[in-house]
Amino acid sequence: MTDLHDGSASPSKDGPASPLAQLADFPSPKRPAGSVGVLLNRLLIYARPDQVPALRPHVNLERSGFVIAGAKTNGRMKLLAEDGFEGIVLADPAAYEKHVATVDAPFWSPEDQLLPTSLEDMLDQQLMAGAPTALTPTKFITAGDTDSLKAAARQVKLLRRNDVIFVAPLDISFLDRKFIRQTTAILADIGCPVALVLGKQFDPLAHAAARIIPNLRMLAATIELMPMRTDFNAFDLVAHGAFAGAIGTGGSVRHTVEPPQKSMAFKQDPSPSVLIPELMCWWKGNKLAELFGAKEHLAPRCPCEVCAGRRLTRFLRRTDKNEAMAHAVAVWSGYAADMLDAPTLRQRAQYWQNVCRNALGNHKLIPTQLKLAKPLKPQKPLEVWAELPLWPTDQP
């Protein structure tokens, strides 16, 4: 895309730099028009309403904010406002958790109202509740259903609003080789920013990371994109052209699944998921404690404001969940601030790649320290983020 940023980049030795190469040398993506622009260069916390009080003390007001999902969202927004919270709060209706899109009805509206609620009404309600921009109540778009995606895109395009983000809850196959060109063309034609939610059980990127991550990077550099309800994929895409991102507080809100399925979490283990900074991934607290076993003195201490130097092996009970979430937000918020302070997008990408490469090294170092027979197996997306070239090009 040729107009992502006001400025110019130095031409290459072979002539003018490609649009994507130019973007890499800009300090930031272009600010989205209208009220959406307030989200530029932010990594938000994607949370359920009841999680907000535990996380509020750890919100970076300049670099973050909240996306609150599901029922009781407006009530929590009201409580935050009454309590003097000055940060950004968006409301995601998360209609895709319970409803599947059709061509005739790609968006959800309440069924218990005396009068039908239009899409514009739904969006205006979020703005009146205090959100600076509204998120569309898009239903889940199943594999191959490009007709429903087009129908949703057409309705949003007709609104011609600059205070709306189109939520695109897509089966992960839309980002794979068969559909990526068509998906990109549809989303590019909407005329407003896109909040992408990836759909599949467990980690949507795990099964085809080597193919899909480059496609996602190209999408981020091509349209006004905000990866939402994600894990560290938000870091990768904000380092490659996405104007903002939102990281989920737990596994079930770092992706979505096709209704009526439910996210398949490891419910038999009551310990919370714990972010291990050295590995840049979340582990169950019990699994982490088992890893270090009798050598707990080697377990990592965390310097974040929540942990204050305590060891990460302490998160063992269900009641530790809020503290584990706060630890994760405190840790990744520090990484986000450092990455977003980089002078150019290319340097953001370099920072992020260095973080991932260090984490890969620690997957080998920690087992050596513990005298284990095998290294820890890193998650596939982490390997791809560490090994891919820094920046996407427009070459096939």
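- Per an unreviewed UniProt entry, the protein goes by the name tRNA-guanine family transglycosylase and belongs to Saccharothrix lopnurensis.

### What to know about the nonpolar core
Turning to step 1, where the next piece is worked out: Core analysis: the largest hydrophobic core is formed by 131 residues, its most contacted members being Leu-39, Phe-66, Phe-166, Met-226, Met-228 and Trp-352.
Turning to step 2, where the next piece is worked out: Ranked by residues supplied to this core, first place goes to helix α10 (residues 321–340) with 11 residues.
Turning to step 3, where the next piece is worked out: Apart from the residues lying within four places of it in its own chain, the contact partners of Met-226 are Leu-39, Leu-44, Val-67, Leu-90, Ile-165, Val-194, Ala-195, Leu-196, Phe-243, Ala-244, Gly-245 and Ala-246.

### Things to note about the environment of Ala-239
Turning to step 1, where the next piece is worked out: Looking at where Ala-239 falls in the secondary structure, it is placed in the loop between α8 (233–238) and β8 (244–248).
Turning to step 2, where the next piece is worked out: With 206 residues separating them along the chain, Ala-239 and Ala-33 place their C-alpha atoms 20 Å apart.
Turning to step 3, where the next piece is worked out: Setting aside chain neighbours within four positions, we find Ala-239 in contact with Met-339, Leu-345, Arg-348, Ala-349, Trp-352 and Trp-391.

### Some details on the side chain of Thr-184
Turning to step 1, where the next piece is worked out: Note that Thr-184 resides in helix α6 (residues 180–188).
Turning to step 2, where the next piece is worked out: Thr-184 sits in the buried class, given a relative accessible area of 18%.
Turning to step 3, where the next piece is worked out: The contacts of Thr-184, once residues within four sequence positions are left out, are Leu-219, Thr-222 and Ile-223.

### Some remarks on the sheet that holds strand β1 (residues 42–47)
Turning to step 1, where the next piece is worked out: The strand order β3-β2-β1-β8 describes an open sheet built from four strands, whose pairing is parallel. This sheet does not close on itself; its edge strands, each paired only once, are β3 (89–92) and β8. Each neighbouring strand pair of the sheet contributes to a mean axis angle of 30°, computed without reference to strand direction.
Turning to step 2, where the next piece is worked out: Looking at chain direction, β1 and β8 are connected through five bridges and run parallel.

### Examining helix α3 (residues 73–82)
Turning to step 1, where the next piece is worked out: Those residues of α3 lying buried are Thr-73, Arg-76, Met-77 and Leu-80. Across the axial projection of α3, the buried residues extend over an arc of 100°, all falling on one side. The exposed set on the far side of α3, more than 90 degrees from its buried face, consists of Lys-78 and Glu-82.
Turning to step 2, where the next piece is worked out: Those residues of α3 that are buried lie in contact with α2 (52–55), β2 (66–69), β3 and α4 (119–128).

### Remarks on the pattern of salt bridges
Turning to step 1, where the next piece is worked out: If you walk through the whole model with that rule in mind, you get 15 salt bridges.
Turning to step 2, where the next piece is worked out: Salt-bridge contacts for Arg-314 lead to Glu-323; the nearest nitrogen and oxygen are separated by 2.9 Å.
Turning to step 3, where the next piece is worked out: The partly exposed category is assigned to Glu-323, whose relative accessible area is 28%.
Turning to step 4, where the next piece is worked out: Lys-380 is the salt-bridge partner of Glu-383, the closest N and O atoms lying 3.7 Å from each other. Residue Glu-383 and its partner Lys-380 are both found in helix α12 (residues 380–387); the two are separated by three residues, about one turn of the helix.
Turning to step 5, where the next piece is worked out: The class for Glu-383 is partly exposed, based on a relative accessible area of 22%.
Turning to step 6, where the next piece is worked out: Several salt bridges converge on common partners, so that one network encompasses Glu-120, Asp-124, Arg-161 and Asp-163.

### With respect to the sheet that holds strand β5 (residues 164–171)
Within a sheet, neighbouring strands are paired by backbone hydrogen bonds and run either parallel or antiparallel to one another.
Turning to step 1, where the next piece is worked out: A sheet is described by the order of its strands in space; here four strands give the open sequence β4-β5-β6-β7, paired in parallel fashion. A strand with exactly one partner marks an edge of an open sheet, and here the two such strands are β4 (134–135) and β7 (225–227).
Turning to step 2, where the next piece is worked out: Looking at chain direction, strand β6 (residues 194–199) and β7 are connected through three bridges and run parallel. Across the sheet, residue Leu-196 finds its bridge partner in β7, namely Pro-227.

### A closer look at unusual backbone geometry
Turning to step 1, where the next piece is worked out: Along the chain, Pro-259 connects to Pro-260 via a cis peptide bond; the corresponding omega equals 5°.
Turning to step 2, where the next piece is worked out: Checked against the element boundaries, Pro-260 lands in the loop between β8 and β9 (273–276).
Turning to step 3, where the next piece is worked out: Positive phi is not limited to glycine here, since Met-280 has a value of about 50°.

### Quick look at the pairing of β5
Turning to step 1, where the next piece is worked out: With eight of eight residues buried, β5 lies mostly within the body of the structure.
Turning to step 2, where the next piece is worked out: The sheet contact formed by β4 and β5 spans two bridges and is parallel. Bridge assignment links Ala-134 to a residue of β5, and that residue is Val-164.
Turning to step 3, where the next piece is worked out: Bridge count for β5 against β6 is six bridges, and the pairing is parallel. Across the sheet, the residue bridging to Leu-170 is Leu-198, located in β6.
Turning to step 4, where the next piece is worked out: Of the crossover connections in this fold, the one passing from β5 over α6 to the parallel β6 is right-handed.

### Looking at the confidence of the model for the protein
Turning to step 1, where the next piece is worked out: Averaged over every residue, the pLDDT of the protein is 91; residues scoring 70 or more account for 92%.
Turning to step 2, where the next piece is worked out: In this model residues 1–15 is a low-confidence stretch, pLDDT under 50, and it forms 24 contacts with partners more than four residues away in sequence or in other chains.

Reading guide: rules and limits
Residues numbered from 1 in each chain as written. Predicted model: local features only at pLDDT ≥ 70, side-chain atom pairs only at ≥ 80, totals over all residues. Heavy atoms only, no water. Core = buried A, V, L, I, M, F, W, Y, C linked by side-chain atoms within 4.5 Å. Buried < 20%, exposed > 50% of the residue type's maximum accessible area, 1.4 Å probe, protein only. Helix = DSSP H or I, 4+ residues; strand = E, 2+ residues; numbered from the N terminus. Contact = heavy atoms within 4.5 Å. Pairing = 2+ DSSP bridges. Axes fitted to C-alpha atoms, helices over the stretch in contact; angles between N-to-C directions. Arc of directions from axis to C-beta. Salt bridge = Lys/Arg side-chain N within 4 Å of Asp/Glu carboxyl O. Right-handed = clockwise from strand over helix to strand, strands pointing away. pLDDT = per-residue confidence, 0-100.

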